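# Examination of the molecular architecture
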Amino acid sequence: QVQLVESGGDLVQPGGSLRLSCTASGLIFSLVAMDWYRQSPGKQRELVADISRRGATNYPDSVKGRFTISRDNAKNTVYLQMNSLRPEDTGVYFCSARTPAGITHWGQGTQVTVSS
């Protein structure tokens, strides 16, 4: 059974930083691409970062230069370092794992709130 467990969400002031973690089990981590999405109030879930099996990364313009995704295959973990946080970054952050067979697994999410 595949499990993805996110952690690291918190309340932070604008301009602050957070690092989210997502640890996977039940799959061969080195073979999957990993994504971070966020669900903000009243908005659709949006992709904020992805990293391929080989470590290639991709970001939308809204977070480029502020967010960094990385992975540690030895720990079955993907990270999302978030700097210069803004109130509009508030939301529930989900990680997902995309297998070569085209199956996507989701975690339960972790809440990030950016507010003074």
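It should be noted that the structure appears before, not after, this text.
First, a word on scope: everything that follows refers to the structure included in this document. (Residues numbered from 1 in each chain as written. Predicted model: local features only at pLDDT ≥ 70, side-chain atom pairs only at ≥ 80, totals over all residues. Heavy atoms only, no water.)

Right, let's talk about the overall build of the chain for a bit. The secondary structure content of the chain amounts to zero helices and eleven strands. Ordered by position from the N terminus, the helices and strands of the chain form the series β-β-β-β-β-β-β-β-β-β-β. Relative to the 2.2 N^0.38 estimate, which gives 13 Å for 116 residues, the radius of gyration of the chain is 13 Å and therefore close to what a compact globule would have. When its C-alpha atoms are laid out on the principal axes, the chain stretches across 40 × 25 × 25 Å. Look at the contacts in the chain between residues 6 or more apart in sequence, and 53% of them connect residues 24 or more apart. If you sum the accessible surface of the chain, you get close to 6,100 Å²; carbon and sulfur atoms cover 46% of it. Looking at the chain, you have 12 positive and 9 negative side-chain charges, and the mean spots of the two groups are 5 Å apart. (Helix = DSSP H or I, 4+ residues; strand = E, 2+ residues; numbered from the N terminus. Rg over C-alpha atoms; globule rule 2.2 N^0.38 Å. Contact = heavy atoms within 4.5 Å. Areas by Shrake-Rupley, 256 points an atom, 1.4 Å probe, with all protein chains shown as cover. Lys, Arg positive; Asp, Glu negative; His and termini not counted. Charge placed at Lys NZ, Arg CZ, Asp CG, Glu CD.)

As a further point, take the environment of Ser17. Here Ser17 shows up in the loop between β2 (11–12) and β3 (18–25). Look at Ser17 and you get partly exposed, because its relative accessible area is 40%. Once the C-alpha coordinates of Ser17 and Leu4 are considered, the two residues, 13 residues apart in sequence, prove to be 23 Å apart. Ignoring anything within four residues of it in the chain, the contact list for Ser17 reads Val12, Gln81, Met82, Asn83, Ser84 and Leu85. A polar contact is formed between the side chain of Ser17 and the side chain of Asn83, at a distance of 3.0 Å. (Buried < 20%, exposed > 50% of the residue type's maximum accessible area, 1.4 Å probe, protein only. Polar contact = N/O pair within 3.5 Å; in protein donor to acceptor, adjacent residues only side chain to side chain.)

Direction of pairing for strand β1 (residues 3–7) relative to β3: antiparallel, over a ladder of five bridges. In the sheet register, Gln3 faces β3, and the bridge partner there is Ser25. Across six bridges, β3 lies against strand β8 (residues 77–82) in antiparallel orientation. For Leu18, the partnering residue across the bridge sits in β8 and is Met82. (Pairing = 2+ DSSP bridges.)

Moving on, we come to the sheet that holds strand β7 (residues 67–72). Read from one edge of the open sheet, four strands run β1-β3-β8-β7, paired in antiparallel fashion. Of all the strands in the sheet, just β1 and β7 have a single pairing partner and so form its edges. On average, each strand axis in the sheet is tilted by 15 degrees relative to the strand beside it, whichever way the strands run. (Axes fitted to C-alpha atoms, helices over the stretch in contact; angles between N-to-C directions.)

To continue, consider the side chain of Thr77. Turning to its location among the elements, Thr77 is positioned in strand β8. For Thr77, the side chain forms a polar contact with the side chain of Thr23, separated by 3.0 Å. Among all residues touching Thr77, those that are not within four sequence positions of it are Ser21, Cys22, Thr23, Phe29, Ser70, Arg71 and Asp72.

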